[in-house]
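Coordinate inspection notes
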Amino acid sequence: MTRRLYIPRETTASSLGAEALVTAIAAEAATRKIKIEIVRNGSRGACFMEPLVEVDSNDGRLGYSQISIDDVASLFDADFINGGKHPKSVGLVDELTWFKNQERLTFARCGLISATSVSEYEQLGGFVGLKKAIAMQSADIIQEVLTSGLRGRGGAGFPTGIKWQTVAGAEAEQKYIVCNADEGDSGTYSDRLIMEGDPLSLVEGMTIAGLAVGATMGYIYLRSEYPLTRIILQEAIDNAKTAGYLGNDVCGSGKAFDLEIRMGAGAYICGEETSLLESLEGKRGQIRFKPPLPALKGLFGKPTVVNNVISLATIPVIMEKGGKHYAGFGRGRSLGTMPFQIGGNIKFGGLVEKAFGLTLRQLIEDFGGGTYSGKPVRAIQVGGPLGAYFPAELLDTPLDYEDFAKAGGMLGHGGVVVFDETVNLAKMARFSMEFCAVESCGKCTPCRIGSVRGMETIDKIVAAKDEKDREAQISVLTDLCETMESASLCAMGGLTPVPVMSAVKHFRGDFQ
Amino acid sequence: MQSVTPRKFADFSLAAASEAVEEFRAQPGALINALHKLQDTFGYVDEAAMTMLGKLFNLSRAEVHGVTSFYHDFRRTPPGRYTIKVCQAEACQAMGSEALTDSIKEALGCDFHETSKDGLFTLEPVYCLGNCACSPNIMVDEQVFARVSSDTFKKLSASLASNAAEVK
Ligand SMILES: Cc1cc2nc3c(=O)[nH]c(=O)nc-3n(C[C@H](O)[C@H](O)[C@H](O)COP(=O)(O)O)c2cc1C
Ligand code: SF4
Ligand code: FES
């Protein structure tokens with residue numbers, strides 16, 4: 001009998017040797033005359049376990065974690081194909097608390113199926129949402145999204161249904177769906193994981209968006225740092241086309257929808273939606289003045305939905321199970337689930353999808369197992385390079401949009417970067433200014449020049465000869481940050497002061 | 001360790017460049033695709049291609065220039081056999097990317113945006129490779145390597161060098 005085993009085709013697994021592993025396992029099986037089929041799934045999101053090799057068993061999938069080519073012979077000796085015990089066995093993967101304690105809606109399929117297979121996608125509920133949407137009026141699809149309470153997962157947290165309503169209401173012969181797959185925030189990788197592990201959910205979500213607002217063309221703006229993602233996503237798009245889910249007649253609906261991937265070119269600012277649209281039009285990625293909103297005048301001047309990958313990939317489950325079901329998770333105005341990504345100095349880093357409201361501590365200690373180094377946590381940056389630095393004292397802050405904002409932070413795209421006690425926050429603050437200087441689009445002075453001034457001022461603070469001098473320089477920095485905050489055209493210059501001033505506030509002692 | 005086969009770039013000529021980007025002629029806003037195509041083909045975007053691109057997209061030469069220089073990805077000079085990008089962003093910093101970066105610069109004898117003397121490696125900074133749970137990360141051409149230390153880098157660069165010697 002041919003045994004199925006699973007080895008992810010995915011960036012993390014690949015960065016830890018998965019491709020060589022596939023070759024080695026296939027070769028060893030051939031030598032031993034054992035028939036196997038290697039399924040190339042996505043990652044389940046437990047990055048720390050990669051490469052995670054799984055085999056089918058009667059009770060579910062059994063895992064072998066952190067497998068390298070050096071383990072191959074001993075795995076076969078242990079008869080892992082039939083679930084044999086091995087020092088690297090982790091048992092039934094679904095039973096591991098790391099997975100069991102998650103609430104997976106958006107990522108329910110990710111890592112379970114051969115990533116680009118339409119039939120495996122369908123077997124786990126794929127395209128049910130689209131088929132429902134086809135039978136519905138545009139306004140009813142949008143109502144379902146409004147009911148779900150879904151807010152944009154790209155960072156700004158704007159209600160997705162309201163954005164769609166605006167685009168649906170605009171009169172135009174051509175409208176567009178644009179997926180923001182620029183994922184520039186450091187410490188984030190949920191977009192990548194879903195595009196590599198369950199790309200058809202993005203294809204389905206964009207198609208539903210097209211039906212809802214009356215758009216026939218979609219673009220996915222993908223960052224160039226993700227070359228493997230591009231290959232997998234393109235394969236998924238091609239397969240969806242062949243199966244009749246994209247093209248001139250989506251699923252026999254008589255409606256058209258098509259998708260194209262466009263690559264970015266290494267500019268962080270192109271994640272901002274108006275800059276992204278400029279880039280899609282083949283221009284310099286400079287910020288546009290708003291209004292007009294992209295919803296009314298977006299790509300090539302046409303009404304355009306710009307949504308993050310996770311926002312769009314969450315639409316299928318909302319349509320499949322209903323907006324009410326989705327809104328049953330989370331609390332207050334933060335409804336549904338959020339795929340948090342734990343990174344940096346962390347023992348068990350990876351993607352944790354969970355209803356809003358768990359605390360940073362639960363995420364970092366219960367799921368993450370503390371720091372990789374074993375030293376105490378000293379600082380946490382949540383929400384990417386424009387997010388605040390929190391001290392360990394704030395670990396009990398609940399992760400929802402409002403509560404986190406109250407504590408001076410923002411959830412952003414859900415990245416959580418952990419630092420141990422060796423971190424120096426003056427250095428990190430300087431880096432924030434440096435990053436802003438490197439990535440500024442150059443359109444406004446407070447951002448372009450202010451960031452350079454900021455670096456110099458932090459250097460002066462650190463080099464100050466006495467406390468009085470230091471205080472004086474800190475007040476220069478504070479004024480500078482206030483100017484950047486109030487006079488920048490977009491959040492690049494406007495929010496860079498957040499990590500900087502949070503570092504000053506919580507880690508004053510590092511600035512000397 | 002994952003091996004990386006060195007890329008092969010074509011020698012630049014205007015005729016070859018025009019042919020490479022012809023497919024984008026009718027595509028709205030495809031200038032960036034065209035720039036990527038040139039860089040994938042020749043390893044960089046040659047100055048001599050600017051006027052041709054302008055004609056293709058109905059832009060002035062200066063406008064094409066402006067776009068090319070805006071994006072960090074586009075090089076104006078030929079790269080080494082491999083391009084190595086070292087992640088400088090926060091999660092990798094939390095795992096010692098600063099010291100790793102120093103040791104890589106020392107091992108290659110060059111700074112960021114430079115190519116090692118032997119012409120093998122071009123070194124670039126990058127801000128997040130989306131592999132932040134397994135930091136520090138580097139990328140060699142299109143292959144990411146996770147949890148890189150200065151020791152593993154030395155082994156990697158030696159194996160890359162020997163691959164390059166085999167594939168001329
Ligand atoms: C400097 C900057 C960078 C951004 N980068 C991204 C990004 O990489 N991905 C993303 O989805 N949104 C990013 N955003 C937010 C987008 O402007 C926009 O709000 C989002 O794409 C809307 O989609 P959503 O409503 O589904 O979140 C960025 C914003 C700013 C100001
Ligand atoms: S704040 Fe910075 S990135 Fe934003 S528009 Fe101004 S210069 Fe450009
Ligand atoms: S911060 Fe280096 S890979 Fe994300």
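This report concerns the structure included in the present document. Being a predicted model, the structure only gives us computed values, none of them experimental. (Residues numbered from 1 in each chain as written. Chains lettered and ligands numbered in written order. Predicted model: local features only at pLDDT ≥ 70, side-chain atom pairs only at ≥ 80, totals over all residues. Heavy atoms only, no water.)

Moving on, we get to the interface of chain A and chain B. Between chain A and chain B, the contact holds 61 residues from the first and 41 residues from the second. Approximately 3900 Å² of surface area, both sides summed, lies buried where chain A meets chain B, with 57% of it carried by carbon and sulfur atoms. Summed over the shared surface of chain A and chain B, the number is 1 salt bridge. Between E98 of chain B and K427 of chain A there is a salt bridge whose closest N-O contact spans 3.1 Å. Summed over the shared surface of chain A and chain B, the number is 22 residue pairs in polar contact (both at pLDDT 80 or more). When residues of the side of chain A that touches chain B are traced back to their parent elements, those giving at least two are α1 (11-15), α2 (18-31), β8 (258-263), α12 (273-280), β12 (337-344), β16 (415-420) and α17 (425-439) of chain A. Counting residues per element, the side of chain A that touches chain B draws most heavily on α17 of chain A, which supplies 6 residues. (Contact = heavy atoms within 4.5 Å. Buried area = accessible area lost by both parts, 1.4 Å probe. Salt bridge = Lys/Arg side-chain N within 4 Å of Asp/Glu carboxyl O. Polar contact = N/O pair within 3.5 Å; in protein donor to acceptor, adjacent residues only side chain to side chain. Helix = DSSP H or I, 4+ residues; strand = E, 2+ residues; numbered from the N terminus.)

Glancing now at the packing of aromatic side chains. What the rule picks out here adds up to 22 aromatic pairs over all chains. Each ring, one from F431 of chain A and one from F435 of chain A, has its centre 6.1 Å from the other, and the planes form 25°; the classification is stacked. Here F431 of chain A and its partner F435 of chain A are both found in helix α17, 4 residues apart, which amounts to about one turn of the helix. Here F435 of chain A and Y127 of chain B contribute two aromatic rings whose centre-to-centre distance is 5.2 Å and whose plane-to-plane angle is 65°, an arrangement assigned as edge-to-face. Of this pair, F435 of chain A sits in helix α17 while Y127 of chain B is found in the loop between β3 (121-126) and β4 (138-140), placing the two residues in two different chains. With respect to burial, F435 of chain A and Y127 of chain B carry one shared label: buried. (Phe/Tyr/Trp six-rings, centres within 6.5 Å; stacked < 30°, edge-to-face > 60°. Buried < 20%, exposed > 50% of the residue type's maximum accessible area, 1.4 Å probe, protein only.)

All names here are of chain A. Among the 19 residues in the neighbourhood of ligand 1, the closest are listed as G154, N180, N307, N308 and S311. Backbone polar atom of V306 to an oxygen atom of ligand 1: 3.5 Å apart, as the coordinates give it. In the complex, 91% of the free accessible area of ligand 1, which totals 620 Å², lies under the protein chains. Residue contributions to the shell around ligand 1 peak at 3 residues, all from strand β9 (residues 304-308). Class assignment of the residues belonging to the shell around ligand 1 gives a composition of 5 nonpolar, 8 polar and 6 charged. (Near = heavy atom within 4 Å. Areas by Shrake-Rupley, 256 points an atom, 1.4 Å probe, with all protein chains shown as cover. Nonpolar A, V, L, I, M, F, W, Y, C, P; charged D, E, K, R; others polar.)

Turning next to the sheet that holds strand β7 (residues 217-222) of chain A. Residues and elements named next belong to chain A. Spatial ordering of the open sheet is given by β8-β7-β6-β9, a layout of 4 strands whose pairing is parallel. In the strand order of this sheet, the two ends are held by β8 and β9, each with one partner. Between one strand axis and the next, the sheet turns through 20° on average, direction left out of account. With 6 bridges connecting them, strand β6 (residues 176-181) and β7 associate as parallel partners. Bridging across to β7, I177 finds its partner in G218. (Pairing = 2+ DSSP bridges. Axes fitted to C-alpha atoms, helices over the stretch in contact; angles between N-to-C directions.)

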